[in-house]
Every structure is written in structure tokens, then in C-alpha cells.
Amino acid sequence: LPTKDIKGYTPSYAAPEQTKSNKYKTYNEKVDIYAAGITLLEMCACFGTEMERYYALNDLRNKRIVSDKINNNYPEETKLIIMMTRENYNDRPSAEELLKCDVFVELGKIVNN
């Protein structure tokens, strides 16, 4: 199968391995797990301004922290956000592992009722 040339990415959702200076570095499906973690953060935060969003994403990327407000309101989701946005893609959960997490199992019970 021919390899595909990745033309670009959205910087806010880009995994660390996508933003490194070596543009030919390989990566795998875990970049999507990273982006989903950023999306989950946004869903839990309901940012009022772009500046709030900027600081929250910056704190997550650089300091590995999620605000107390989000953590207090969504403690299980905060754990997922931290797991899904780990810098090393080998340390991020797979999609299959995520679906087995308590948060998703409980959500499935609610949705199926």
C-alpha cells in the first residue's frame, strides 16, 4: 500500500509527535486519542472565551494539569483527559482500552436504558 503524505493538522489538537521539528517522524492512531482528549477537555470546560481555552490547553500541554473547576465537576473525565494526552503515545490508552474505562461503561448503561 502506498504511504500517505500528511498535509497538515490543527495545532490545538496536534499530538506532541506531530509538532516535533522532524516532519518525517512516524506516528500512529494515538494522535487521534490525543485529539479526543483535547476535545473532552473542551466539552467539560465549556470555555467562555478563547483566552480561557488557550490557558487551559497550555496548562495541559506544558504542566500536565487540568483546572480545579473541571477536576471537581468531572473527576473521572479529568483522569481520562490526562491519560489521553500523555506526551509519549505509547503511554496513551488505545480506543479499545478507553471503551473499557468505567466512565464509558457507565455511560453505555445510561444510553442503553
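Trainee: Kindly report on the overall build of the chain, identifying the contributing residues and their values.
Mentor: Within the chain one finds seven helices and zero strands. Scanning the chain from its N terminus toward the C terminus, one meets helices and strands in the order α-α-α-α-α-α-α. Contacts in the chain between residues at least 24 apart in sequence constitute 53% of all its contacts with a sequence separation of at least 6. Of the roughly 8,100 Å² that the chain leaves accessible, carbon and sulfur atoms contribute 53%.

Trainee: Any chance you could break down the side chain of glutamate 42 for me, citing the residues and the numbers?
Mentor: Tracing the chain through its elements places glutamate 42 in helix α2 (residues 30-45). With residues up to four places along the chain from it excluded, the contact list for glutamate 42 reads Tyr13, Phe47 and Arg53.

Trainee: Give a description of the environment of lysine 30 that names residues and reports values.
Mentor: Looking at the secondary structure, you find lysine 30 in helix α2. Since its relative accessible area comes to 12%, lysine 30 is described here as buried. The contacts of lysine 30, once residues within four sequence positions are left out, are Glu17, Tyr89, Asn90, Arg92, Pro93 and Ser94.

Thresholds, definitions, all that
- Residues numbered from 1 in each chain as written.
- Predicted model: local features only at pLDDT ≥ 70, side-chain atom pairs only at ≥ 80, totals over all residues.
- Heavy atoms only, no water.
- Helix = DSSP H or I, 4+ residues; strand = E, 2+ residues; numbered from the N terminus.
- Contact = heavy atoms within 4.5 Å.
- Areas by Shrake-Rupley, 256 points an atom, 1.4 Å probe, with all protein chains shown as cover.
- Buried < 20%, exposed > 50% of the residue type's maximum accessible area, 1.4 Å probe, protein only.

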